[in-house]
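What follows is the residue order along each chain.
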Amino acid sequence: MKKAGLALLTTGLLLMVGFAVQASGSGAEKIDLKAKYQIEGKKDAVVFQHHQHQEKLACTKCHPTTAGGPLSVTIVNKTGMGNDFHQKLCWPCHIEMKVPKGKMCSTCHK
Ligand code: HEC
Ligand code: HEC
Ligand code: HEC
């Protein structure tokens with residue numbers, strides 16, 4: 001009896017934790033893109049605020065499906081101002097959605 005009660009309680013707690021995680025976002029909260037993509041360069045690393053973006057945008061704005069994971073765009077060029085993060089992912093959307101200071105270097109590199 002005691003064991004069953006404990007098992008039930010544990011399951012309940014795990015479910016609650018699960019929902020809490022779901023509600024506060026999917027995947028990592030913040031992602032250091034410089035480290036993840038092993039980018040070499042002098043600019044300060046961009047730590048992408050993943051969950052903050054999820055509050056305003058559907059997963060499919062950046063990922064092929066709602067499960068997330070891989071990006072819809074393929075990042076090949078990782079050097080200089082013409083890098084694919086600038087050109088294919090971050091800048092086009094910031095321009096389209098008129099994000100305040102969305103193209104200012106210091107908004108992303110810090
Ligand atoms: C504005 C763009 C954007 C949106 C919207 C977005 N993501 Fe992401 N996501 C990224 C970027 C950038 C990465 C990091 C690049 C990589 O992993 O290749 C990432 C990585 C991930 C990863 C794997 C890496 C990790 O550490 O977690 C998962 C899982 C994920 N996203 C799930 C989601 C889900 C689920 C949603 C919707 C609730 C979502 N994302 C919405 C941009 C976005
Ligand atoms: C909307 C976000 C965003 C803005 C604004 C932005 N960048 Fe980037 N930039 C990135 C991301 C993401 C990367 C790839 C990850 C990294 O290097 O940390 C990158 C990489 C770079 C790189 C290649 C890597 C390196 O360290 O050499 C350079 C150069 C660069 N940015 C310069 C700039 C300059 C200069 C500005 C302002 C004119 C700027 N960026 C504005 C997001 C941004
Ligand atoms: C599909 C659209 C979309 C993409 C792609 C996108 N962003 Fe954004 N980003 C937004 C929007 C919308 C906001 C404004 C959010 C708000 O008002 O809170 C924003 C805001 C930001 C901010 C400012 C946050 C603040 O506290 O003011 C940073 C930094 C940022 N994005 C970085 C990035 C980087 C780096 C990338 C590429 C890896 C990226 N974004 C890709 C839509 C996008």
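Figured I'd write up the structure that's included with this text. As the structure is a computational prediction, the values presented were derived from the model and not from experiment. (Residues numbered from 1 in each chain as written. Chains lettered and ligands numbered in written order. Predicted model: local features only at pLDDT ≥ 70, side-chain atom pairs only at ≥ 80, totals over all residues. Heavy atoms only, no water.)

**Here's the deal with the environment of K34**
Within the element layout of this structure, K34 appears in helix 2 (residues 33-36). Not counting the four nearest positions on each side in its chain, K34 is found in contact with I39, G41, K42, K43, D44, A45 and V46. Of the polar contacts made by the side chain of K34, one reaches the backbone oxygen of G41; its length is 3.3 Å. (Helix = DSSP H or I, 4+ residues; strand = E, 2+ residues; numbered from the N terminus. Contact = heavy atoms within 4.5 Å. Polar contact = N/O pair within 3.5 Å; in protein donor to acceptor, adjacent residues only side chain to side chain.)

**Here we look at the site of ligand 3**
In the vicinity of ligand 3, 18 residues are found, and the nearest of them are H53, K56, C90, C93 and H94. In the environment of ligand 3, an oxygen atom lies 3.4 Å from a nitrogen or oxygen atom belonging to the side chain of Q52. Considering each element in turn, the shell around ligand 3 owes the most residues, four residues, to helix 4 (residues 84-96). By residue class, the composition of the shell around ligand 3 is 11 nonpolar, five polar and two charged. (Near = heavy atom within 4 Å. Nonpolar A, V, L, I, M, F, W, Y, C, P; charged D, E, K, R; others polar.)

By themselves, these figures tell us nothing about what the structure is for.
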